[in-house]
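# Topology and contacts: notes
This is what each chain is made of:
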Amino acid sequence: LERFDEALAACDRALALGPNQAFYWNLRGYILGGLGRSNEQLAAAERAIELKPTSARNWANKAEALISLRRFAGALDAAERGLAITPGSEFARTAKAEALRGLKRYDEALAICDALIAERHRRHAGDYCRQRGWILRDMGRQQDALHDFQRATLLDPDDDGAWQGLAQTYRTLGMRREAQE
């Protein structure tokens, strides 16, 4: 429902009761990220790491904040630190793929998305197809991107990012009618 303001208020109430709870600092970071407040997301993620440096999710949250700030090398480092703790972490692997995309290391980013899709992470399969579509667009592989965006919209019809990618790819391919639908 994306009621981020309410979620942030609830998280802040929890932190008022227990200010040294890494879980709530990390959650606060994700909420701030949803609000587009990337610098504050980064600060919350760093506080969560300070309290619990052994959480891959805390490191992934930091990576996501750095990606939003377009600090891709730092994001890659944070994602890799999370993966050193929990090698199979979906959160850290997804952040790593996005950081690699930002660094224009497309083949490595695609390999991560392909592995996540192959592992059948059904709950997030649409996310991985969308992410793969954006990587393929960056590589100039519009037809392949189109396929992944179509697949993403089928897996998650509410994914605005997948629909946006699909429309942009249709326009790039000169398929104006399809882009308007």
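Residues numbered from 1 in each chain as written. Predicted model: local features only at pLDDT ≥ 70, side-chain atom pairs only at ≥ 80, totals over all residues. Heavy atoms only, no water.

### Some details on the confidence of the model for the protein
Here the protein averages 93 in pLDDT, and 96% of its residues register 70 or above. Taken element by element, the predicted model of the protein shows its lowest mean pLDDT in helix α11 (residues 176-180) (72) and its highest in helix α5 (residues 72-85) (98). (pLDDT = per-residue confidence, 0-100. Helix = DSSP H or I, 4+ residues; strand = E, 2+ residues; numbered from the N terminus.)

### What to know about helix α6 (residues 90-102)
An α-helical turn contains 3.6 residues, so any two residues separated by three or four positions project in the same direction. Taking 1.5 Å of rise per residue, 13 residues should cover 18 Å, and α6 covers 18 Å from first to last C-alpha, within 8% of that figure. Regarding α6, the residues found buried are A92, R93, A95, A97, A99, L100 and R101. On its buried face, α6 sits against α4 (56-68), α5, α7 (106-118) and α8 (125-138). Phi turns positive one or two residues past the end of α6, at K104, with a value near 65 degrees. (Expected span 1.5 Å × (residues − 1). Buried < 20%, exposed > 50% of the residue type's maximum accessible area, 1.4 Å probe, protein only. Contact = heavy atoms within 4.5 Å.)

### Observations regarding the nonpolar core
A63, I67, A75 and I135 are the most contacted members of the largest nonpolar core, which has 35 residues in total. Within the residue set of this core, elements represented by two or more residues are α3 (38-51), α4, α5, α6, α7, α8, α9 (142-155) and α10 (160-172). Sort the elements by how many residues they give to this core and α7 lands first, with 7 residues. Among all residues touching I67, those that are not within four sequence positions of it are F72, A75, A95, E98 and A99. Formed by 8 residues, the second largest nonpolar core is a distinct cluster that contains L15, I31, L32 and A48. (Core = buried A, V, L, I, M, F, W, Y, C linked by side-chain atoms within 4.5 Å.)

### Some thoughts on the pattern of salt bridges
One pass over the full model with this rule turns up 15 salt bridges. The residue E40 makes a salt bridge to R37 at a minimum N-O spacing of 2.7 Å. Its relative accessible area of 31% is what places R37 among the partly exposed residues. With a closest N to O distance of 2.8 Å, E108 and R105 form a salt bridge. A relative accessible area of 38% means that E108 is categorised as partly exposed. R105 sits in the partly exposed class, given a relative accessible area of 34%. (Salt bridge = Lys/Arg side-chain N within 4 Å of Asp/Glu carboxyl O.)

### Description of unusual backbone geometry
Not every positive phi belongs to a glycine, and R70 is a case in point at roughly 65 degrees. By the secondary structure assignment, R70 is in the loop between α4 and α5. For R70, a relative accessible area of 63% translates into the label exposed. Despite not being glycine, K104 shows a phi value in the positive range, around 65 degrees.

### Details of the packing of aromatic side chains
Overall, the coordinates contain 2 aromatic pairs when judged by the stated rule. Arranged with centres 5.1 Å apart and planes meeting at 85 degrees, the rings of F23 and Y24 form a pair that is edge-to-face. Arranged with centres 5.1 Å apart and planes meeting at 70 degrees, the rings of W134 and F149 form a pair that is edge-to-face. One end of the pair, W134, is in helix α8; the other, F149, is in helix α9, with 15 residues separating them in the sequence. With respect to burial, W134 and F149 carry one shared label: buried. (Phe/Tyr/Trp six-rings, centres within 6.5 Å; stacked < 30°, edge-to-face > 60°.)

### Focus on the state of the cysteines
Per the stated rule, a full pass over the model turns up 0 disulfides. Looking at the unpaired C113, the closest cysteine sulfur is the one in C129, lying at 8.8 Å. You can call C113 buried: its relative accessible area is 0%. Among the residues examined, C129 registers a relative accessible area of 0% and is labelled buried. (Disulfide = S-S within 2.5 Å.)

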